[in-house]
Amino acid sequence: MLRSVEQKRQGPVTGGDEDPRVTELRSAVSRLRRRLAAHPGEFADRTIAEEELAALAAIAADGIPEIPCLRRSLLLIAGAIGSVSALSAELTEVRRAVDLFGGPMRGQG
């Protein structure tokens, strides 16, 4: 069944307890990790991207993550793989999943 972003924010269709934003984040991170693992090219910051994606997956597995932690991880991942165009779609999915938790607060990075 297809659901709109607004429906995802309101909660799961089933009686599950998991926040749909967390589900979306975990899925997006998983897709990017798989795509990065399959990417044949080497680049200088690949290890940083892999480590930060693992950290982001762990954050998402713990439940509702803190927005500053999400933003920091996203920034590090984007900096590490931002120039690899083959990964741009999956990176965009991760950014959108992070955005589901809300934007950064004024005065905070």
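Residues numbered from 1 in each chain as written. Predicted model: local features only at pLDDT ≥ 70, side-chain atom pairs only at ≥ 80, totals over all residues. Heavy atoms only, no water.

A. Quick peek at the nonpolar core. Membership of the largest hydrophobic core comes to 23 residues, with the highest contact counts inside it found for L25, L32, L36, I77, I81 and V94. Listing elements by their share of this core, those giving two or more residues are α2 (20-38), α3 (46-61), α4 (67-81) and α5 (88-99). With six residues, the single largest contributor to this core is α2. Beyond its immediate sequence surroundings of up to four residues, I81 is in contact with L32, L36, F43, A49, L87 and L91. (Core = buried A, V, L, I, M, F, W, Y, C linked by side-chain atoms within 4.5 Å. Buried < 20%, exposed > 50% of the residue type's maximum accessible area, 1.4 Å probe, protein only. Helix = DSSP H or I, 4+ residues; strand = E, 2+ residues; numbered from the N terminus. Contact = heavy atoms within 4.5 Å.)

B. Looking closely at the pattern of salt bridges. Under the criterion given, the structure shown has ten salt bridges. Among the salt bridges present, the one from R26 reaches E18, with a minimum N-O distance of 2.5 Å. Residue classification places E18 among the partly exposed positions, given a relative accessible area of 33%. Here R95 and D99 are joined by a salt bridge, their closest N and O atoms 2.8 Å apart. In this pair, R95 and D99 both sit in helix α5, four residues apart, roughly one turn of the helix. Through salt bridges with shared partners, a single network forms among E24, R31 and E93. (Salt bridge = Lys/Arg side-chain N within 4 Å of Asp/Glu carboxyl O.)

C. How the structure looks around the packing of α2 against α5. Their axes nearest at 9 Å, the elements α2 and α5 cross at an angle of 160°. One way to sum up the angle between α2 and α5 is to call them roughly antiparallel. Judged by the sense of rotation from one axis to the other, the crossing of α2 with α5 is left-handed. Packed against α2, whose contacting residues are E24, L25, A28, V29, R31, L32 and R35, the element α5 presents E90, L91, E93, V94, A97 and V98 at the interface. Tallied by class, the residues present in the contact of α2 with α5 amount to eight nonpolar, no polar and five charged. (Axes fitted to C-alpha atoms, helices over the stretch in contact; angles between N-to-C directions. Parallel < 35°, antiparallel > 145°, perpendicular 65-115°, else oblique. Left-handed = near helix turned anticlockwise from the far one by under 90°. Nonpolar A, V, L, I, M, F, W, Y, C, P; charged D, E, K, R; others polar.)

D. Structural context of the environment of E50. By the secondary structure assignment, E50 is in helix α3. A relative accessible area of 36% means that E50 is categorised as partly exposed. Separated by 30 residues in the primary sequence, E50 and A80 place their C-alpha atoms 9.2 Å from one another.

E. Up close: the confidence of the model for the protein chain. On average, residues of the protein chain score 83 in pLDDT, and 79% of them are at 70 or above. Ignoring residues within four places in sequence, the model shows residues 1-15, a span with pLDDT below 50, making 13 contacts including any to other chains. (pLDDT = per-residue confidence, 0-100.)

F. Seen up close, the side chain of H39. With respect to the helices, strands and loops of the structure, H39 is situated in the loop between α2 and α3. Since its relative accessible area comes to 18%, H39 is described here as buried.

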